[in-house]
Amino acid sequence: MDLLKLRTNITGLNGSIDIPGDKSISHRSIMLGAIAQGRTVVDNFLLGDDCLSTISCFEKLGVKITLDHNHVEIEGAGFDGLREPVEVLDTGNSGTTTRLMVGLLSGVPIHTCMIGDESIAKRPMKRVTDPLRQMGAKIDGREDGNFTPLAIRGGSIEGIDFTSPVASAQVKSSILLAGLNAVGTTSVTEPHKSRDHTERMLRAFGCEVEEDGLTVKLKGGQKLTGTNIEVPGDISSAAFFLVAGAIVPNSRITLKNVGMNPTRTGIIDVLVKMGARLEIGNERIENNEPIADLTIQTSELTGIEIGGDIIPRLIDEIPVIALLASQAQGKTVIKDAAELKVKETNRIDTVVGELSKLGAVIEPTDDGMIIYGDKKQLTGGEVHSHGDHRIGMMLAIAACIANNEVSLSDSESISVSYPSFFEHLNGLIVEN
């Protein structure tokens with residue numbers, strides 16, 4: 001496998017970046033646009049592999065989608081206009097595409113088969129297939145529907161009141177999308193509030209969605225109307241540069257048009273609590289989503305404890321938060337994050353293993369990790385993304401503060417969510 005030699009021992013990062021479009025919102029814009037009536041226009045769409053998989057699946061379902069760079073136009077087919085595909089729907093590496101589409105297709109009277117890559121084949125699907133079956137969905141798959149490939153024979157389904165054992169936007173969204181085409185009312189109650197992009201975007205398409213504490217509810221049979229969506233920058237992508245700006249010496253980075261959805265801003269809370277020099281400006285609302293510009297500078301950081309309600313708000317940022325903690329004074333404890341074990345990789349094991357190779361002092365726990373920060377410069381070595389885009393980007397940022405050569409295996413995985421990552425990183429480096 002090819003090794004990418006990463007830039008190391010960086011003396012400063014300076015400049016500004018327009019962060020690529022939010023992955024979660026990009027996925028949902030295609031899905032809701034496809035089942036709406038009329039045209040939907042999406043700007044700043046993320047051209048990552050995951051989101052392109054979503055487009056490909058809906059094209060196979062007969063939806064006309066035009067893509068011009070990051071501008072997308074969708075001719076809404078409505079639920080009734082979706083056609084039985086001749087081909088298997090390949091969701092690639094995208095858990096969002098897989099889990100949300102199982103729900104969306106459960107109430108459509110067509111037969112579909114869904115498959116993904118090796119990573120998707122290991123990710124648990126019963127968390128969505130079980131409640132969908134309670135609604136009357138006919139779904140089959142490996143190990144009684146727990147793993148892909150999945151086969152969905154859509155038909156009549158009924159709304160349910162579902163209490164989810166995990167705070168998961170994918171679980172919640174899959175059930176709500178099924179509920180759109182179900183008889184009666186569907187509700188989902190979570191133990192903690194997960195990201196709410198689906199609820200916000202449903203309202204943008206004209207759907208009535210009720211929220212009461214940790215419960216979200218909608219009535220079946222509602223029709224969506226096509227709309228215009230401006231996708232904000234992805235805060236999960238911004239997180240890598242927020243951490244870089246905080247830990248690389250002599251740095252100041254501005255990240256423009258970043259989505260500031262309160263269900264996603266746990267990384268901001270962590271940075272502030274650790275003492276980062278962070279400024280938030282130009283705050284505004286677009287398409288029901290808050291947006292702002294963020295400026296981060298090299299900072300003196302202190303270790304903290306991270307757990308409880310904040311975990312669903314930063315679950316995708318934990319790999320880079322672990323790197324951040326390695327450069328803080330004192331110990332950082334991350335707990336209540338067992339969900340990391342069922343991401344693209346077991347991110348507890350991969351984060352601990354790969355950062356340890358570079359000299360970080362970090363140990364795994366059953367539900368997280370403990371990082372002993374001492375601001376020690378990292379060393380060099382050969383590291384591996386394990387096919388996980390967020391691990392790959394975290395390691396590229398780690399290399400910036402390493403004092404010897406760092407080589408990254410399987411860097412191609414980064415294109416899943418941030419195809420221009422290295423271009424943006426290299427553009428910030430202050431040359432001696």
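1. Topic: the overall build of the protein
Okay, so step 1: Within the protein one finds 13 helices and 23 strands.
Okay, so step 2: For 432 residues, the compact-globule estimate of 2.2 N^0.38 gives 22 Å, and the protein sits close to it at 21 Å.
Okay, so step 3: Along the longest, intermediate and shortest principal axes, the C-alpha atoms of the protein span 60 × 45 × 40 Å.
Okay, so step 4: Looking at the protein as a whole, 60% of its 432 residues qualify as buried.
Okay, so step 5: Looking at the protein as shown, the accessible area adds up to about 15,800 Å², and 46% of this sits on carbon and sulfur atoms.
Okay, so step 6: Distance from the positive charge centre (41 side chains) to the negative charge centre (58 side chains) of the protein: 2 Å.

2. Side note on helix α8 (residues 235–247)
Okay, so step 1: Here α8 contains 13 residues, and its C-alpha end-to-end distance of 18 Å stays within 8% of the 18 Å for a straight helix at 1.5 Å per residue.
Okay, so step 2: The backbone nitrogen of Ser 236 has a side-chain oxygen 2.8 Å away, supplied by the residue at the start of α8, namely Asp 234.

3. A closer look at the pattern of salt bridges
Okay, so step 1: Scanning all chains against the criterion turns up 26 salt bridges.
Okay, so step 2: A salt bridge links Glu 431 to Arg 7; the nearest nitrogen and oxygen atoms lie 3.2 Å apart. Taken together, the positions of Glu 431 in the segment after α13 (421–428) and Arg 7 in the loop between β1 (3–6) and β2 (14–18) put the pair 424 residues apart, joining distant regions of the chain.
Okay, so step 3: Look at Glu 431 and you get exposed, because its relative accessible area is 53%.

4. Here we look at the packing of helix α10 (residues 318–326) against helix α12 (residues 389–399)
Okay, so step 1: Contact geometry for α10 and α12: axes closest at 9 Å, N-to-C directions at 20°. Considering the angle they form, α10 stands roughly parallel to α12. Crossing angle aside, the handedness with which α10 passes α12 is right-handed. On the side of α10, the interface is formed by Pro 319, Val 320 and Leu 323, while α12 contributes Arg 390, Ile 391, Met 394, Ile 397 and Ala 398.
Okay, so step 2: For the contact of α10 with α12, the class distribution of residues is seven nonpolar, no polar and one charged.

5. A closer look at the sheet that holds strand β13 (residues 215–219)
Okay, so step 1: Read across the open sheet, the four strands follow the order β10-β11-β13-β12; overall the sheet is mixed. Each end of this open sheet is capped by a strand with a single partner; those strands are β10 (161–163) and β12 (209–212). Ignoring which end each strand starts from, the neighbouring axes of this sheet average 15° apart.
Okay, so step 2: Across three bridges, β10 lies against strand β11 (residues 185–189) in parallel orientation. Its bridge partner being in β11, Phe 162 is matched across the sheet by Val 188.
Okay, so step 3: Sitting on the sheet, helix α7 (residues 197–204) touches β12 and β13, and the angle it makes with β12 is about 140°.

6. Focus on the side chain of Ser 24
Okay, so step 1: As for its position among the elements, Ser 24 is in helix α1 (residues 23–35).
Okay, so step 2: Polar contacts involving the side chain of Ser 24 include one to the side chain of Arg 195, which spans 2.9 Å.
Okay, so step 3: With residues up to four places along the chain from it excluded, the contact list for Ser 24 reads Arg 195, His 197 and Arg 264.

7. Let's talk about the sheet that holds strand β18 (residues 305–306)
Okay, so step 1: Taken in spatial order, the four strands line up as β18-β19-β21-β20 in an open sheet, and their pairing is mixed. Looking at the sheet topology across the chains shown, the edges are occupied by β18 and β20 (362–365).
Okay, so step 2: By the bridge criterion, four bridges tie β20 to strand β21 (residues 368–374) in an arrangement that is antiparallel. The partner of Ile 362 across the bridge, within β21, is Ile 371.

8. Regarding the environment of Phe 45
Okay, so step 1: By the element assignment, Phe 45 lies in the loop between β3 (37–43) and α2 (49–60).
Okay, so step 2: Phe 45 sits in the buried class, given a relative accessible area of 3%.
Okay, so step 3: Along the sequence, Phe 45 and Asn 70 sit 25 residues apart, while their C-alpha atoms lie 4.7 Å from each other.
Okay, so step 4: Residues within four places of Phe 45 in sequence aside, it is in contact with Ser 26, Ser 29, Ile 30, Cys 51, Ile 55, Leu 67, Asn 70, Val 72 and Val 231.

9. Observations regarding the packing of aromatic side chains
Okay, so step 1: Enumeration over the complete set of coordinates arrives at five aromatic pairs.
Okay, so step 2: Relative to Tyr 418, the ring of Phe 241 has its centre 6.0 Å away and its plane inclined at 70°; by these criteria the two rings are edge-to-face. Of this pair, Phe 241 sits in helix α8 while Tyr 418 sits in the loop between β23 (406–409) and α13; the two residues are 177 residues apart in sequence, bridging distant segments of the chain. Here the two residues Phe 241 and Tyr 418 agree in accessibility, since each one is buried.
Okay, so step 3: Ring centres of Phe 241 and Phe 421 lie 5.5 Å apart, and the angle between their planes is 40°; on these two criteria the pair is classed as tilted. Of this pair, Phe 241 sits in helix α8 while Phe 421 sits in helix α13, and the two are 180 residues apart along the sequence. Comparing Phe 241 with Phe 421, the two get one shared label, buried.
Okay, so step 4: In textbook terms, an aromatic cluster arises when at least three aromatic residues are bridged by ring pairs, as seen for Phe 240, Phe 241, Tyr 418, Phe 421 and Phe 422.

10. Quick word on the nonpolar core
Okay, so step 1: Core analysis: the biggest nonpolar cluster contains 78 residues, and Ile 247, Leu 323, Met 369 and Phe 421 have the highest contact counts within it.
Okay, so step 2: Element by element, the count of residues in this core is highest for α8, at 10 residues.
Okay, so step 3: Counting 60 residues, the second-largest nonpolar core is a separate cluster that includes Val 108, Met 125, Met 135 and Val 188.

What counts, and where the lines are drawn
- Residues numbered from 1 in each chain as written.
- Predicted model: local features only at pLDDT ≥ 70, side-chain atom pairs only at ≥ 80, totals over all residues.
- Heavy atoms only, no water.
- Helix = DSSP H or I, 4+ residues; strand = E, 2+ residues; numbered from the N terminus.
- Rg over C-alpha atoms; globule rule 2.2 N^0.38 Å.
- Buried < 20%, exposed > 50% of the residue type's maximum accessible area, 1.4 Å probe, protein only.
- Areas by Shrake-Rupley, 256 points an atom, 1.4 Å probe, with all protein chains shown as cover.
- Lys, Arg positive; Asp, Glu negative; His and termini not counted.
- Charge placed at Lys NZ, Arg CZ, Asp CG, Glu CD.
- Expected span 1.5 Å × (residues − 1).
- Polar contact = N/O pair within 3.5 Å; in protein donor to acceptor, adjacent residues only side chain to side chain.
- Salt bridge = Lys/Arg side-chain N within 4 Å of Asp/Glu carboxyl O.
- Axes fitted to C-alpha atoms, helices over the stretch in contact; angles between N-to-C directions.
- Parallel < 35°, antiparallel > 145°, perpendicular 65-115°, else oblique.
- Left-handed = near helix turned anticlockwise from the far one by under 90°.
- Contact = heavy atoms within 4.5 Å.
- Nonpolar A, V, L, I, M, F, W, Y, C, P; charged D, E, K, R; others polar.
- Pairing = 2+ DSSP bridges.
- Phe/Tyr/Trp six-rings, centres within 6.5 Å; stacked < 30°, edge-to-face > 60°.
- Core = buried A, V, L, I, M, F, W, Y, C linked by side-chain atoms within 4.5 Å.

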